[in-house]
Amino acid sequence: MADAAAAEQARDEAAASAEETVKIICLGDSAVGKSKLLERFLLDGFRPQQLSTFALTLYKYRARVDGQAVLVDFWDTAGQERFQSMHASYYHKAHACIMVFDVQRKVTYKNLNSWYKELREFRPEIPCIVVANKIDADMKVTQKSFNFARKFSLPFYFVSAADGTNVVKLFNDAIKLAVAYKQNSGDFMDEVMRELESFDLQKTTENLSDKEESCPEEKPPSA
Amino acid sequence: MTYIAKKCGVCFQPPSIILIYKEDNKDKTRQRIMPVRNFSKFSDCGLAAEQLKNNPRHKAYLEGVSLHQLQKLYSLLKGHLGGESLAESLEKFRQEETIDPEEDMNKLDDKELAKRKSIMDELFEKNRKKKDDPDFVYNIEVEFPQDEQLESCGWDVESGEEI
């Protein structure tokens, strides 16, 4: 049994290195249904990891996009949204964002403004989908216009985690957008991150090869 | 012996919880009166409900009655003992069981948030299509075109940023 588990883990790890991995974050007020949407999409197949220290829940999911295997990390807030803002690490290297409000509660729609603002501070370019959840509570809302998404030219979905309307489509589209973003990322911050990462590598190799030159003696500042 | 609970209510005088039930495989409807003792307007309804539900003499009869319902019945009794009219008590229930759409739930503590969530969960469960339902469909796609002619949701104005 242990061997089988170990083998499976090794296989998982080997697979993970071969496939594309993307990170998709969920944003939105308390009780808008973020976790319920994820659970509806993943059904029983999900294995959430509660990272309570970081007030965050992680869901791993394997998808295929245009024949390519994709490992998706869905990040869910687990109550952290109550600080009205998320820790910077939540946004770090995210490739797409699903931003949810509750069609029954105006305040959750109004708060999209501040969620969106914070998202753009950390991730100026990643795809972001605006989601109107709980349409099962009142189908009439689907006959009304919500201008927030249009204002920022974002895709907009009416969904219901309860009856399932558009939930699978939402997540599949989010995964596609995340993969496309990762593969053709023009995000300024991503480029900076890449530069920094390769810079670190270069520096280390330089340090190894000719230590003296790359680490000049420290001199007191000249007056 | 299995008992099928039909109705459960409260009697203020003498204070008691009353159950209408049937015995399994029998037609006769029976009534069971469970007297409420040592309960005042200062008592904890949750605790009282639990004690009744676990009472060895009543346990079997109350299997089909939820703790939540018993708790509500005790709350009605408590309200009555505290001088509330039945209408007032019921109005309190209504308020506790509805969501204030203006409330910012980000500002609630864990307990209050859990309360709101459980209220909203009722509708969620009611409208929920479960995986095991015979008419369950995993991927349901419905198009809702957002064209310019639609009536506004009314939430876009007055935000200051809109100007």
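Residues numbered from 1 in each chain as written. Chains lettered and ligands numbered in written order. Predicted model: local features only at pLDDT ≥ 70, side-chain atom pairs only at ≥ 80, totals over all residues. Heavy atoms only, no water.

The next thing to look at is the packing of helix H2 (residues 34-42) of chain A against helix H7 (residues 167-183) of chain A. All names here are of chain A. The geometry of H2 relative to H7 is characterised by a closest axis approach of 9 Å and an angle of 90 degrees between their N-to-C directions. Viewed along their axes, H2 and H7 adopt a mutual orientation that is roughly perpendicular. Residues Leu-37, Leu-38, Arg-40 and Phe-41 of H2 lie in contact with H7, whose contacting residues are Val-167, Val-168, Phe-171, Asn-172 and Ile-175. Partitioned by chemical class, the residues of the contact of H2 with H7 number seven nonpolar, one polar and one charged. (Axes fitted to C-alpha atoms, helices over the stretch in contact; angles between N-to-C directions. Helix = DSSP H or I, 4+ residues; strand = E, 2+ residues; numbered from the N terminus. Parallel < 35°, antiparallel > 145°, perpendicular 65-115°, else oblique. Contact = heavy atoms within 4.5 Å. Nonpolar A, V, L, I, M, F, W, Y, C, P; charged D, E, K, R; others polar.)

The next thing to look at is the confidence of the model for chain A. Scored by pLDDT, chain A has a mean of 82; 72% of the residues are at 70 or more. Every residue in residues 209-219 of chain A is under pLDDT 50, and counting partners more than four places away or in other chains gives four contacts. (pLDDT = per-residue confidence, 0-100.)

The subject of this paragraph is the environment of Leu-177 of chain A. Residue and element names in this part refer to chain A. Along the chain, Leu-177 falls in helix H7. Taking the C-alpha atoms as reference, Leu-177 lies 9.5 Å from Ile-129; in sequence the two are 48 residues apart. Those residues in contact with Leu-177 that sit more than four places away from it in its chain are Pro-127 and Ile-129.

Another point: the pairing of strand S3 (residues 56-65) of chain A. Residue and element names in this part refer to chain A. Sheet analysis places S3 next to strand S4 (residues 68-76), joined by nine bridges and oriented antiparallel. Looking across to S4, one finds that Tyr-61 is bridged to Val-72. The antiparallel pairing of S3 with S4 creates a hairpin that spans two residues between the two strands, and Asp-66 there sits at a positive phi of about 50 degrees. (Pairing = 2+ DSSP bridges.)

At the junction of Gln-13 of chain B and Pro-14 of chain B, the peptide bond is cis and its omega measures out at -5 degrees in the coordinates. Relative to the helices and strands, Pro-14 of chain B resides in the loop between strand S1 (3-11) and strand S2 (16-23). One non-glycine residue, Asp-66 of chain A, lies in the positive phi region at around 50 degrees. Counting through the fold element by element, Asp-66 of chain A comes out in the loop between S3 and S4. For Asp-66 of chain A, a relative accessible area of 80% puts it in the exposed group. Not every positive phi belongs to a glycine, and Asn-25 of chain B is a case in point at roughly 70 degrees. By the secondary structure assignment, Asn-25 of chain B is in the loop between S2 and strand S3 (29-35). (Buried < 20%, exposed > 50% of the residue type's maximum accessible area, 1.4 Å probe, protein only.)

Turning to the sheet that holds S2 of chain B, a few remarks are in order. All names here are of chain B. Ordered by their spatial adjacency, three strands build an open sheet running S1-S2-S3, and the pairing between neighbours is antiparallel. Of all strands in the sheet, those bounded by a partner on one side alone are S1 and S3. Direction aside, the axes of adjacent strands within the sheet are offset by 25 degrees on average. Where S2 and S3 come together, seven bridges link them in antiparallel fashion. Across the sheet, residue Tyr-21 finds its bridge partner in S3, namely Arg-30. Sheet strands in contact with helix H2 (residues 67-81) are S1 and S2, and its direction is about 20 degrees off that of S1.

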